[in-house]
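What follows is each chain in one-letter form.
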Amino acid sequence: MARVAIGLLALTGFSSGQSSGCGRTPPQDKGKTSVVYITDQGVERLYRIHVPPGYNSAEPTPLVFSYHGWGSSAASDESYMGFTAVSDSHNFIIVYPEGMSDYNRETNNGWQSFNAMGSTTTLGNECTSRTTGYCYQSCAKRPQGCGRCDWTSCYDDAEFTETILDSIESDYCIDSKRIFATGYSNGGIMAYEAGYKLGHRFAAIAPGGGTPFVGHNNAPAVSRNGAVSVMDLHGTRDTTCPANTTTSADGWNYEPVDSVMKVWASAHGCSGSSTITKYDTAYDGDTKLWCVKFGNCANGVDFVRCSYDLAHHWLGYNKNGGTGAQLAWAFLSAHPKVSAAELNATKPSVSEQ
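None of the values given here were measured: they were computed from a predicted structure.

**Student:** Just checking my understanding: could you explain the overall build of the protein for this structure?
**Tutor:** Counting its regular elements, the protein contains nine helices and eleven strands. A compact globule built from 353 residues should have a C-alpha radius of gyration of about 20 Å, and the protein, at 19 Å, falls within 12% of that. Projected onto its principal axes, the C-alpha positions of the protein cover 50 × 50 × 40 Å. When the 353 residues of the protein are sorted by exposure, 57% land in the buried category. Here the analysis covers contacts within the protein between residues at least 6 apart in sequence; of these, 72% occur between residues at least 24 apart.

What follows is the structure in structure tokens.
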């Protein structure tokens, strides 16, 4: 296990194509998953990092963040999402951050969570009257205390993500145009948070089983930070975070997937953002998988929703190298960072629209 303390570094962004860690000996063993402890916002936190056996410090390597669900852990996420085998076969580094669990006590205790897309910013519409939130200590310490619809830790997990990213980029040869995020449930919402808050660093996201809360359907600052493509994966029988309706079975209000896709597509200048066309994948039909894309977007930019016949579960869950991990990687790897300048240069012409 390693411990690191690191501040936020000044970065050149995605234009360089590679990180400062190129040429350095990696601190973790190749072909293994290691646990790293890191200090962020005054507390010690952890993440798991899996470095593929084929990693070469002279070659810029893609990086994927995978966020666990509410009450889960980084270790459980590695087993649940199935990306480790895909990392080995496709030669990318996979990172599993662990959320904070400061619910009624200071140490992690099984209530791990990520602060994302309205989970601690109560406007009043994030939940129904039959729902009671969870007051984490980090939220109770705020001047306003806990809101009625708050249900995760209040630590800034976008900042936590960037602290991890800074550390990894200084230790490994990372392709800064191929930094991606995925996750399931609360982790899927966190993937949206990474795309929204850290759009200057993330190229694409593949959230599963989680969308922003009502009132928090925010797209990234595309004109400044460039494009962030999205593939959303959702079970058709999911009632915990339903894909097609707002209110969950337990009374939380989420944005429907179509609404999120339209907002993000529109923010990226896609014409006809409400127009839906079939998006073919190599996994169509697996668990009744069916994908569609929204709008006519610039080259290299897509907003896709995928549906499959499960309840609140990742596609191919608990299988190393399962269909969900394979599908997500196929999408992510095909969508490297498109800068704002590149986005404007490749927007569909008037005749194409």
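From this point on, the discussion continues.
**Student:** Mind showing me how you'd approach the nonpolar core here?
**Tutor:** In summary, soluble globular proteins display a tendency toward joint burial of nonpolar side chains. Within the largest apolar cluster, 59 residues are counted, with the highest numbers of intra-cluster contacts made by Ile49, Phe65, Val95, Ile168, Trp264 and Phe303. Residues in contact with Ile49, not counting those within four places in the same chain, are Gln28, Lys32, Thr33, Ser34, Val36, Ile93, Ile94, Val95, Ile168 and Tyr172. Grouped together as the second largest cluster of nonpolar side chains are 34 residues, Ile94, Ala206, Leu233 and Leu310 included.

**Student:** Explain the packing of helix α4 (residues 157-171) against helix α5 (residues 186-197) to me, please; I cannot follow it from the model alone.
**Tutor:** Each packed pair of helices is defined by two parameters, the angle between the axes and the distance between the axes. Contact geometry for α4 and α5: axes closest at 10 Å, N-to-C directions at 75°. Classified by the angle their axes make, α4 and α5 are roughly perpendicular. Contact residues: α4 offers Asp157, Ala158 and Thr161, while α5 offers Met190, Glu193 and Lys197. For the contact of α4 with α5, the per-class residue count stands at two nonpolar, one polar and three charged.

**Student:** Help me understand the state of the cysteines, please; the structure alone is not making it clear to me.
**Tutor:** Between two cysteines, a covalent bond joining their sulfur atoms is known as a disulfide. Tallying each qualifying case throughout the model produces six disulfides. The disulfide that involves Cys22 links it to Cys173, with 2.0 Å between the sulfurs. Between Cys22 and Cys173 the disulfide shows an S-S torsion of about 75°. By sign, it is right-handed. Of the two residues, Cys22 sits in the loop between β1 (2-5) and β2 (32-40) while Cys173 sits in the loop between α4 and β6 (174-184), which places them 151 residues apart along the sequence. When its relative accessible area of 22% is taken as the criterion, Cys22 is described as partly exposed. The disulfide that involves Cys291 links it to Cys306, with 2.1 Å between the sulfurs. On the sign convention where negative means left-handed, the S-S torsion of about 110° between Cys291 and Cys306 marks this disulfide as right-handed. Residue Cys291 is located in strand β10 (residues 290-296), and its partner Cys306 is located in strand β11 (residues 303-308); the two are separated by 15 residues in the primary sequence.

**Student:** Got a minute to help me understand the confidence of the model for the protein in this structure?
**Tutor:** In regions of low pLDDT, the predicted coordinates are not meant to be interpreted in detail. Across the protein, the average pLDDT comes to 91, with 92% of residues at or above 70. For residues 3-15, every residue scores under 50 in pLDDT, and the model assigns this stretch 29 contacts once sequence neighbours within four places are set aside.

**Student:** In this structure, what is going on with helix α7 (residues 257-267)? I would like to understand it.
**Tutor:** For an α-helix, 3.6 residues make a turn, and residues three or four places apart therefore share a direction. Residues of α7 that are buried: Val257, Val260, Met261, Trp264 and Ala265. For α7, the arc enclosing every buried residue in end-on projection is 125°, short of the 170-degree limit, so these residues lie on one face. Where the residues of α7 are buried, they touch α5, β7 (204-208), β8 (229-235), β9 (271-278), β10 and β11. Gly269 lies just past α7 and shows a positive phi near 75°.

**Student:** In this structure, what is going on with the packing of aromatic side chains? I would like to understand it.
**Tutor:** Here the distance between the centres and the angle between the planes together describe a pair of aromatic rings. Inspection of every chain in the model, using the stated rule, returns 23 aromatic pairs. Consider the rings of Phe83 and Trp314, whose centres lie 6.1 Å apart with planes at 40°: the pair is tilted. Of the two residues, Phe83 sits in helix α2 (residues 83-90) while Trp314 sits in the loop between β11 and α8 (323-333), which places them 231 residues apart along the sequence. Centroid distance Tyr103 to Trp111: 4.4 Å. Interplanar angle 45°. Geometry classified as tilted. Grouped by ring-pair contacts, the aromatic residues Trp70, Tyr103, Trp111, Tyr134, Tyr136, Trp151, Phe213, Trp252 and Tyr254 constitute a single cluster. Its guanidinium or amino end placed over the ring of Phe160, Arg45 lies 3.6 Å from that ring's centre, counting from NZ or CZ. The lysine or arginine in question, Lys278, covers the ring of Trp290, its NZ or CZ lying 4.5 Å from the ring centre.

Calculation notes
- Residues numbered from 1 in each chain as written.
- Predicted model: local features only at pLDDT ≥ 70, side-chain atom pairs only at ≥ 80, totals over all residues.
- Heavy atoms only, no water.
- Helix = DSSP H or I, 4+ residues; strand = E, 2+ residues; numbered from the N terminus.
- Rg over C-alpha atoms; globule rule 2.2 N^0.38 Å.
- Buried < 20%, exposed > 50% of the residue type's maximum accessible area, 1.4 Å probe, protein only.
- Contact = heavy atoms within 4.5 Å.
- Core = buried A, V, L, I, M, F, W, Y, C linked by side-chain atoms within 4.5 Å.
- Axes fitted to C-alpha atoms, helices over the stretch in contact; angles between N-to-C directions.
- Parallel < 35°, antiparallel > 145°, perpendicular 65-115°, else oblique.
- Nonpolar A, V, L, I, M, F, W, Y, C, P; charged D, E, K, R; others polar.
- Disulfide = S-S within 2.5 Å.
- pLDDT = per-residue confidence, 0-100.
- Arc of directions from axis to C-beta.
- Phe/Tyr/Trp six-rings, centres within 6.5 Å; stacked < 30°, edge-to-face > 60°.
- Lys NZ or Arg CZ within 6 Å of the ring centre and 35° of its normal.

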